Amino acid sequence: MRVLLVGAGGVGTAVTRIAARRGFLTHMVVADYDLARAEAAVAALKDDGDRFSARRLDASDEDAVARVLTEERCDALLNATDPRFVMPLFNAARAAGTHYLDMAMSLSAPHATHPYERCGVKLGDAQFEQADAWESSGRLALVGMGVEPGLSDVFARYAADELFDEIEEIGVRDGANLTVEGYDFAPSFSIWTTIEECLNPPVVYEKDRGWFTTAPFSEPEVFDFPEGIGPVECVNVEHEEVLLIPRWVDARRVTFKYGLGDDFIDKLKTLHELGLDSTRKVTVPSANGPVEVSPRDVVAACLPDPATLGDRMTGKTCAGTWVKGTKDGSAREVYLYHVVDNQWSMREYGSQAVVWQTAVNPVVALELIAGGAWSAAGVLGPEALPPRPFLDLLNEYGSPWGLREEG
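In this report, we go over the structure that sits alongside the text.

## Some details on the pairing of strand E5 (residues 99–102)
Here E5 shows a buried face lined by His99 and Leu101 and a second buried face lined by Tyr100 and Asp102. In this sheet, E5 lies alongside strand E4 (residues 76–79) in parallel orientation, the contact comprising 4 bridges. Considered in E5, the bridge of leucine 77 is made with tyrosine 100. Each parallel crossover has a hand, and for E4 linked through helix H4 (residues 86–96) to E5 it is right-handed. Pairing of E5 with strand E6 (residues 140–142) involves 2 bridges; the strand directions are parallel. Following the sheet pairing, leucine 101 is matched in E6 by leucine 142.

Structure, rendered in structure tokens:
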């Protein structure tokens, strides 16, 4: 399989390190707006030069991306950029006739008058509008194929197929005990994306009501995470799983809750109150005259790059899916989960735990597509495809998943 990887940041670089160990990959073009970053990702692999190459590419330029896909004879485009670039990359892949994978979906927009009650534009709406065209093309656009969304959705489908007869609720729950030495505030993932998902109105799904929204950080609960992480308070956050899972899995309620902590929430609220979460550009003075900048981009530039924090980070991160329902007439609750220890991911791959955990899942998906175990056309979420081949292959990658009976 020949793959165009767009984005050589923390997740993209981790993708290259994971894919380099797998035989299904014929060639991967590592592309980034910053050529030096793409070249550094390739150079770090100490590859023989045949399977990886670097190119400069503007992810917002659909025509340029489509040309590279054609020139490089790529079978798939893997999007490892932030959500602003989903649609140009998604469109370029369809134009070039290749498969497409991303880890975050097209952006949402709050309801104009009732943002904390009704959905406006939902995550992924722009992509699902093209579902018929993708299906007609015979190509697969596999959306939300990271860890959350991604593996969490695979867990939901596995639970529905093998663990439950009826499902009352599916709740994706994410928590960690990671700490970063020397920083009072150092998010372990892209602050641009974190602001987007945490300050937008969270979406909840109920079968009798459909999708609706609540206020940010609503419905707090304490969830006990496995493998020594322990109890973490989690709150509702806007996330793709709530928009994906109900399309293919029958459940009466679907939620996503993230373990943020009071300090993190307070800082996000402060950014919002100061307008520093905005993506609308403002004019500021500079040595060369007025320039336009996005306040959110300034915040991101002032914080450390999450990909560089691995050496200072300790602890574990856990992504998982809690499911409540019935099996053979009896009540059942389970938590399907995946834990990554930062010490392990740094030792084995040189990538910090959060970005490595995100990156491993699209590589597994690419291998399944290359081998034919996942074969479909259209705009699909991970829960639309058979879960067992994915979970078995994830174990083969040396990163096992777990199942804990609750109650």
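## Quick word on the packing of aromatic side chains
Taken as a whole, this structure holds 15 aromatic pairs when the rule is applied. Their ring planes at 85° and their centres at 5.3 Å tell us that phenylalanine 90 and tyrosine 100 sit as a pair that is edge-to-face. Note that phenylalanine 90 is positioned in helix H4 and tyrosine 100 in strand E5, a separation of 10 residues in sequence. Residue classification places phenylalanine 90 among the buried residues on the basis of a relative accessible area of 0%. Look at tyrosine 349 and tryptophan 356: their rings are 5.2 Å apart centre to centre, the planes differ by 45°, and that puts the pair in the tilted class. For the pair tyrosine 349 and tryptophan 356, a shared accessibility class is recorded, and that class is buried. Aromatic rings pair up to connect Phe223, Phe225, Tyr335 and Tyr337 into one cluster.

## Here we look at the pattern of salt bridges
Counted according to the given criterion, the structure contains 26 salt bridges. For the salt bridge of arginine 37 with aspartate 32, the shortest nitrogen-to-oxygen distance reads 3.0 Å. By relative accessible area, arginine 37 is classed as partly exposed at 38%. Close ionic contact of aspartate 392 with arginine 388 constitutes a salt bridge, the shortest N to O distance being 3.3 Å. Pair noted here: aspartate 392 and arginine 388 are both in helix H14 (residues 387–396), with a separation of 4 residues, about one helical turn. Among the residues examined, arginine 388 registers a relative accessible area of 31% and is labelled partly exposed. Here the salt bridges do not stand alone but share partners, grouping Glu169, Arg173, Glu206, Glu219, Glu221, Arg253 and Lys257 into one network.

Conventions used here
Residues numbered from 1 in each chain as written. Predicted model: local features only at pLDDT ≥ 70, side-chain atom pairs only at ≥ 80, totals over all residues. Heavy atoms only, no water. Buried < 20%, exposed > 50% of the residue type's maximum accessible area, 1.4 Å probe, protein only. Helix = DSSP H or I, 4+ residues; strand = E, 2+ residues; numbered from the N terminus. Pairing = 2+ DSSP bridges. Right-handed = clockwise from strand over helix to strand, strands pointing away. Phe/Tyr/Trp six-rings, centres within 6.5 Å; stacked < 30°, edge-to-face > 60°. Salt bridge = Lys/Arg side-chain N within 4 Å of Asp/Glu carboxyl O.

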